[in-house]
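Structure assessment
Listed below are the residues making up each chain.
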Amino acid sequence: FEQLLRKSKKRVSNVHDVGCGHGMVGMLCAAAYPHITVQSIDRIPRESFQAQRRAFVESRSDMDNLHFVRGDLSVLEKNADDSSSSSSGGHSLLLCVHGCKSLTHESIELAEANAWAWLSLPCCLQAEHHLNPRTNLKVDDDMRFAMLCGAIAAKYNAGTVSSIDRRITGRGIVLTSLGRSAEQ
């Protein structure tokens, strides 16, 4: 995340954490970068989100820049013009951490359509969405997952492919892009 912020030529002013679940990733972003507005989006507001937010506030982390929105990607699609533009020349970053099935693709495609930077940590990937149906993979699950992440990286021209410690998550391949121009 920090590398993506440093590499971006435009100042990131908005982070959209789609499929946020318990919201910890968005909260960490909001706490570490109080000048960035973080929008955590999920279909179901979880009690753990509010409990963790209270814990951050009690530890003196101002969370005024963190907002929970109940919904799915359509929330961003409807407001794409508002959230991607800023009078200060800001830029949006779309996060999709452990987005299941089609959410990974849909979030990257939304980011690309709006020339936003994106970071994805894929989770539940289906081979039929990435490979020829006649392909018969005889590889273990880790190799299959790595291959499918490679297919996503190639499809969306990821600028960076890296990994995080397996103690954090067993599905630790991180794909990022600084965002392409909407005209390209």
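Note that this is a predicted model, so its numbers are computed, not measured.

Let us now look at the overall build of the chain. When you go through the chain residue by residue, the secondary structure sums to 7 helices and 7 strands. In the chain, the succession of α and β elements from N to C terminus is α-β-α-β-α-β-α-α-β-α-β-α-β-β. The buried share of the chain, reckoned over its 184 residues, is 43%. Residue pairs in contact within the chain that sit at least 24 positions apart in sequence constitute 67% of those at least 6 positions apart. Split by element, the accessible area of the chain, about 10200 Å² in all, is 50% carbon and sulfur.

Let's shift gears to the sheet that holds strand β7 (residues 173-177). Taken in spatial order, the 7 strands make up an open sheet running β3-β2-β1-β4-β5-β7-β6, and their pairing is mixed. Only two strands of the sheet have a single neighbouring strand rather than two, namely β3 (66-70) and β6 (160-163). Sheet twist, expressed as the mean angle between neighbouring strand axes with direction ignored, is 20°. Pairing of strand β5 (residues 117-121) with β7, which is carried by 3 bridges, proceeds in the antiparallel orientation.

On the surface, a cluster of nonpolar side chains totalling about 240 Å² of accessible area is made up of Val139, Met143 and Met147. One can find Met147 in helix α7 (residues 141-155). On the basis of relative accessible area, Met147 is assigned to the partly exposed category, the value being 33%.

When you line up the elements, Ser120 lands in strand β5. Apart from the residues within four sequence positions on either side, Ser120 is in contact with Cys96, Thr104, Ile108, Ile173, Val174 and Leu175.

This paragraph deals with the pattern of salt bridges. Using the criterion set out here, one finds 1 salt bridge in the structure. The closest approach of N and O atoms between Asp72 and Arg43, which form a salt bridge, is 3.9 Å. You can see Asp72 sitting in the loop between β3 and α4 (73-78) and its partner Arg43 sitting in the loop between β2 (37-42) and α3 (47-58), a full 29 residues away along the chain.

Moving on, we get to the pairing of β3. Bridge count between β2 and β3: 5 bridges; the pairing is parallel. In the sheet register, Gln39 faces β3, and the bridge partner there is His67. Read from β2 through α3 to β3, the crossover connection turns out right-handed.

A few words now on helix α2 (residues 24-32). Within α2, the full set of buried residues consists of Gly26, Met27, Cys29 and Ala30. Down the axis of α2, the buried set is contained in an arc of 160°. They therefore lie on one face.

Predicted coordinates in regions of low pLDDT should not be interpreted in detail. Scored by pLDDT, the chain comes out at a mean of 82, with 83% of its residues at no less than 70. In this model, residues 83-88 is a region of pLDDT below 50 whose contacts with residues beyond four sequence positions or in other chains number 9 contacts.

Their axes nearest at 10 Å, the elements α2 and α3 cross at an angle of 20°. Accordingly, the angle class assigned to the pair α2 and α3 is roughly parallel. The two elements α2 and α3 cross, and the hand of that crossing is right-handed. Taken together, the residues of α3 that come into contact with α2 (itself represented by Met24, Met27, Leu28 and Ala31) are Phe49, Gln52, Arg53 and Phe56. For the contact of α2 with α3, a count of residues per class yields 6 nonpolar, 1 polar and 1 charged.

What follows is about α3. For α3, spanning 12 residues, the distance from its first C-alpha to its last is 17 Å, which sits close to the expected 16 Å at 1.5 Å a residue. The complete set of buried residues in α3 reads Phe49, Gln52 and Phe56. The arc that holds the buried residues of α3, viewed along the axis, is 75°, so those residues lie on one side. Exposed positions of α3 whose direction lies more than 90 degrees from the buried face are Glu47 and Glu58. Looking at the buried positions of α3, the neighbouring elements they touch are α2, β2 and β3. Positive backbone phi, approximately 75°, marks Arg60, located one or two places after α3.

The rules behind the values
- Residues numbered from 1 in each chain as written.
- Predicted model: local features only at pLDDT ≥ 70, side-chain atom pairs only at ≥ 80, totals over all residues.
- Heavy atoms only, no water.
- Helix = DSSP H or I, 4+ residues; strand = E, 2+ residues; numbered from the N terminus.
- Buried < 20%, exposed > 50% of the residue type's maximum accessible area, 1.4 Å probe, protein only.
- Contact = heavy atoms within 4.5 Å.
- Areas by Shrake-Rupley, 256 points an atom, 1.4 Å probe, with all protein chains shown as cover.
- Pairing = 2+ DSSP bridges.
- Axes fitted to C-alpha atoms, helices over the stretch in contact; angles between N-to-C directions.
- Patch = residues over 30% accessible without salt bridge, like charges linked within 9 Å, V, L, I, M, F, W, Y side chains within 5 Å.
- Salt bridge = Lys/Arg side-chain N within 4 Å of Asp/Glu carboxyl O.
- Right-handed = clockwise from strand over helix to strand, strands pointing away.
- Arc of directions from axis to C-beta.
- pLDDT = per-residue confidence, 0-100.
- Parallel < 35°, antiparallel > 145°, perpendicular 65-115°, else oblique.
- Left-handed = near helix turned anticlockwise from the far one by under 90°.
- Nonpolar A, V, L, I, M, F, W, Y, C, P; charged D, E, K, R; others polar.
- Expected span 1.5 Å × (residues − 1).

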